[in-house]
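Now for the letters of each chain:
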Protein chains: 2
Amino acid sequence: MMKMSDLVADYIMKLLDEKDGNAEIKRNELASDLGCVPSQINYVITSRFTPEQGYIVESRRGGGGYIRITRVTTDKRVVMMHIINSVGDSISSAEAGAVLGNMRERHMLSDYDYLMISTALSDKSYTAVTQNVRDRLRAALMKNLLVTVMMLDQ
Amino acid sequence: MMKMSDLVADYIMKLLDEKDGNAEIKRNELASDLGCVPSQINYVITSRFTPEQGYIVESRRGGGGYIRITRVTTDKRVVMMHIINSVGDSISSAEAGAVLGNMRERHMLSDYDYLMISTALSDKSYTAVTQNVRDRLRAALMKNLLVTVMMLDQ
DNA sequence: TCGCTTTTGACCATTCCTGACCTTATAAGA
DNA sequence: TCTTATAAGGTCAGGAATGGTCAAAAGCGA
């Protein structure tokens with residue numbers, strides 16, 4: 001059985017593809033079409049269409065209200081650099097996964113690189129240290145790997 | 001009477017056979033089907049479906065959570081597997097470099113993979129922890145990455 | 001007995017879903 | 001215009017559904 005969140009996310013993704021990266025939805029309408037409560041839409045948006053993941057969300061309440069989701073795309077190298085800079089000193093497994101997933105979606109990472117880097121960053125490799133240290137190591141490694149990919153990718 | 005772990009392992013094995021090397025289970029469900037506590041599933045997975053043994057395990061918590069187990073061993077990869085098994089719990093940067101270099105020479109790693117993995121394992125990524133921990137982390141990561149390369153190499 | 005493997009349960013972390021209540025925008029009436 | 005109704009969307013906390021971890025206890029073979 002498919003998860004509601006996945007249904008909603010898929011719907012939005014498809015819409016983004018169709019509409020060339022710029023989708024507009026009506027929250028209540030979509031909710032009732034897909035058979036969920038309206039706040040579910042917010043949940044999906046806040047968990048899967050974050051700026052971190054490369055989306056801009058605008059909305060308006062009241063009569064004629066809407067939610068607009070825009071997929072951000074810019075020059076690959078610049079964006080890559082920006083992402084690398086934004087990683088910071090520490091990053092959780094979930095965050096890292098989100099960032100990588102988005103990079104793949106945006107064709108900034110091949111499936112191959114995505115899997116390799118995901119593996120390198122997954123918690124599985126860090127059982128020897130505490131969560132805190134783990135997240136710091138992950139951030140360092142993530143940046144190194146992304147830089148490496150960038151340099152090799154000509 | 002058969003040991004519980006064996007039952008669980010057999011079940012997963014059978015599922016892997018059926019599903020062509022890619023099985024997805026629900027931890028709690030399987031546990032109650034087989035009549036054991038959920039953490040037993042974790043025990044079996046961590047003790048018998050490790051990267052060293054040729055398996056990749058991914059999971060997700062929360063509603064609709066799952067555990068996915070992928071088998072990556074095939075005859076072509078016996079040598080690779082052997083190397084992975086020989087890595088042990090801890091490996092220095094120099095040792096790792098030697099092993100990787102050797103694998104590259106033997107065309108078991110592409111230049112690309114060699115560079116990626118070297119980057120991931122280099123001391124540069126581990127400044128946050130002591131040498132001792134560092135070598136343990138490196139070993140874990142190295143094995144995971146090699147398994148991933150193996151899996152992707154079709 | 002000693003040491004390794006297995007089993008178990010208490011407690012933790014993450015993800016998802018829902019509903020009550022809140023804020024804002026537009027339209028209709030007075 | 002001012003007020004009130006209606007139409008959206010937003011927030012948040014709580015609960016449910018999962019899987020993860022860890023250490024203690026139990027089992028077992030040498």
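This text follows the structure it describes.
The structure contained in this document is the topic of the report that follows. (Residues numbered from 1 in each chain as written. Chains lettered and ligands numbered in written order. Predicted model: local features only at pLDDT ≥ 70, side-chain atom pairs only at ≥ 80, totals over all residues. Heavy atoms only, no water.)

It is characteristic of soluble globular proteins that their nonpolar side chains tend to be buried jointly. Among the nonpolar cores identified, the biggest contains 57 residues, and A:Met80, A:Ile117, A:Met142, A:Leu146, B:Met80, B:Ile117 and B:Leu146 are the most heavily contacted of them. Elements that contribute at least two residues to this core include exactly α4 (76-86), α5 (93-105), α6 (111-121) and α7 (131-152) of chain A together with α4 (78-86), α5 (93-105), α6 (111-121) and α7 (131-152) of chain B. With residues near it in sequence (within four places) discarded, A:Leu146 still touches A:Met80, A:Ile84, A:Leu100, A:Met103, A:Leu109 and A:Ile117. (Core = buried A, V, L, I, M, F, W, Y, C linked by side-chain atoms within 4.5 Å. Buried < 20%, exposed > 50% of the residue type's maximum accessible area, 1.4 Å probe, protein only. Helix = DSSP H or I, 4+ residues; strand = E, 2+ residues; numbered from the N terminus. Contact = heavy atoms within 4.5 Å.)

With that settled, consider the pairing of strand β2 (residues 55-60) of chain B. Residue and element names in this part refer to chain B. Pairing geometry for β2 and strand β3 (residues 66-71), over six bridges, is antiparallel. When the sheet's bridge partners are listed, Arg60 is paired in β3 with Tyr66. As consecutive antiparallel partners, β2 and β3 are separated by five residues, and within that stretch Gly62 has a phi angle of approximately 75°, a positive value. (Pairing = 2+ DSSP bridges.)

A few words now on the protein's contact with DNA strand C. The environment of DNA strand C is made up of 24 residues, and the closest members are A:Ser5, B:Ser5, B:Ser39, B:Gln40 and B:Tyr43. When the atoms of DNA strand C within 4 Å of the protein are grouped by moiety, sugar and phosphate amount to 67% of the total. In this structure, a phosphate oxygen belonging to DNA strand C sits 2.9 Å away from a side-chain N or O atom of A:Arg48. At 2.6 Å, a side-chain N or O of A:Arg60 approaches a phosphate oxygen of DNA strand C. For the surface near DNA strand C, the secondary structure elements donating two or more residues are α1 (4-18) and α3 (38-48) of chain A together with α1 (4-18) and α3 (38-48) of chain B. Its residues assigned to classes, the surface near DNA strand C shows six nonpolar, ten polar and eight charged. (Near = heavy atom within 4 Å. Polar contact = N/O pair within 3.5 Å; in protein donor to acceptor, adjacent residues only side chain to side chain. Nonpolar A, V, L, I, M, F, W, Y, C, P; charged D, E, K, R; others polar.)

So, on to the interface of chain A and chain B. Chain A puts 23 residues into the contact, and the matching count from chain B is 27 residues. Taken together, the connections running from chain A to chain B amount to zero salt bridges. Linking chain A with chain B are five residue pairs in polar contact (both at pLDDT 80 or more), by the criterion used here. Of all elements in the fold, only α6 and α7 of chain A reach the threshold of two or more residues within the side of chain A that touches chain B. Counting residues per element, the side of chain A that touches chain B draws most heavily on α7(A), at ten residues. For the side of chain A that touches chain B, the residue count by class is 15 nonpolar, four polar and four charged. (Salt bridge = Lys/Arg side-chain N within 4 Å of Asp/Glu carboxyl O.)

Right, let's talk about the sheet that holds strand β1 (residues 22-25) of chain B for a bit. Residue and element names in this part refer to chain B. Spatially, the three strands line up as an open sheet ordered β1-β3-β2, and their pairing is antiparallel. The sheet is open, and its two borders are formed by β1 and β2, each paired with just one other strand. For this sheet, the mean inter-axis angle between neighbouring strands, taken without regard to orientation, is 15°. (Axes fitted to C-alpha atoms, helices over the stretch in contact; angles between N-to-C directions.)

The pairing of strands in a sheet comes from backbone hydrogen bonds and takes either a parallel or an antiparallel form. Residues and elements named next belong to chain A. A sheet is described by the order of its strands in space; here three strands give the open sequence β1-β3-β2, paired in antiparallel fashion. Each having just a single partner strand, β1 (22-25) and β2 (55-60) make up the two edges of the open sheet. Strand-to-strand twist in this sheet, taken as the mean axis angle between neighbours without regard to direction, amounts to 15°.

Residue and element names in this part refer to chain A. For the structure on display, the rule yields two aromatic pairs over all chains. For the ring pair Phe49 and Tyr55, a centre distance of 4.9 Å and an interplane angle of 70° mean the geometry is edge-to-face. The ring of Tyr114 has Arg104 sitting right over it, with the charged end atom 3.9 Å from the ring centre. (Phe/Tyr/Trp six-rings, centres within 6.5 Å; stacked < 30°, edge-to-face > 60°. Lys NZ or Arg CZ within 6 Å of the ring centre and 35° of its normal.)

For DNA strand D, the set of nearby residues contains 28 residues, the closest of which are A:Arg27, A:Ser59, B:Arg27, B:Asn42 and B:Ser59. Of all DNA strand D atoms lying within 4 Å of any protein atom, the proportion belonging to sugar or phosphate reaches 62%. Between DNA strand D and B:Lys26, the relevant distance is 3.5 Å, taken from a phosphate oxygen to a side-chain nitrogen or oxygen of the residue. Here a base nitrogen of DNA strand D sits 3.5 Å away from a polar atom, N or O, in the main chain of B:Gly63. Taken together, the residues of the surface near DNA strand D sort by class into four nonpolar, 16 polar and eight charged.

In this section: the side chain of A:Thr50. All names here are of chain A. Within the secondary structure, Thr50 is located in the loop between α3 and β2. For Thr50, a relative accessible area of 16% corresponds to the buried category. Excluding its chain neighbours within four sequence positions, the residues that come into contact with Thr50 are Ile45 and Tyr55.

With that out of the way, let us pick up the pairing of β3(B). Of the strand pairs in this sheet, β1(B) and β3(B) are connected by four bridges, and their pairing is antiparallel. Its bridge partner lying in β3(B), B:Ala23 is registered against B:Ile69.

Right, let's get into α1(A). All names here are of chain A. For α1, with 15 residues, the first-to-last C-alpha span of 21 Å sits near the 21 Å given by 1.5 Å per residue. Every buried residue of α1 is listed here: Ser5, Asp6, Val8, Ala9, Ile12, Met13, Leu15 and Leu16. Close packing links the buried residues of α1 with β1, α2 (27-34), α3, β2, β3 (66-71) and α5. Immediately downstream of α1, the backbone of Asp20 shows phi near 60°, a positive value. (Expected span 1.5 Å × (residues − 1).)

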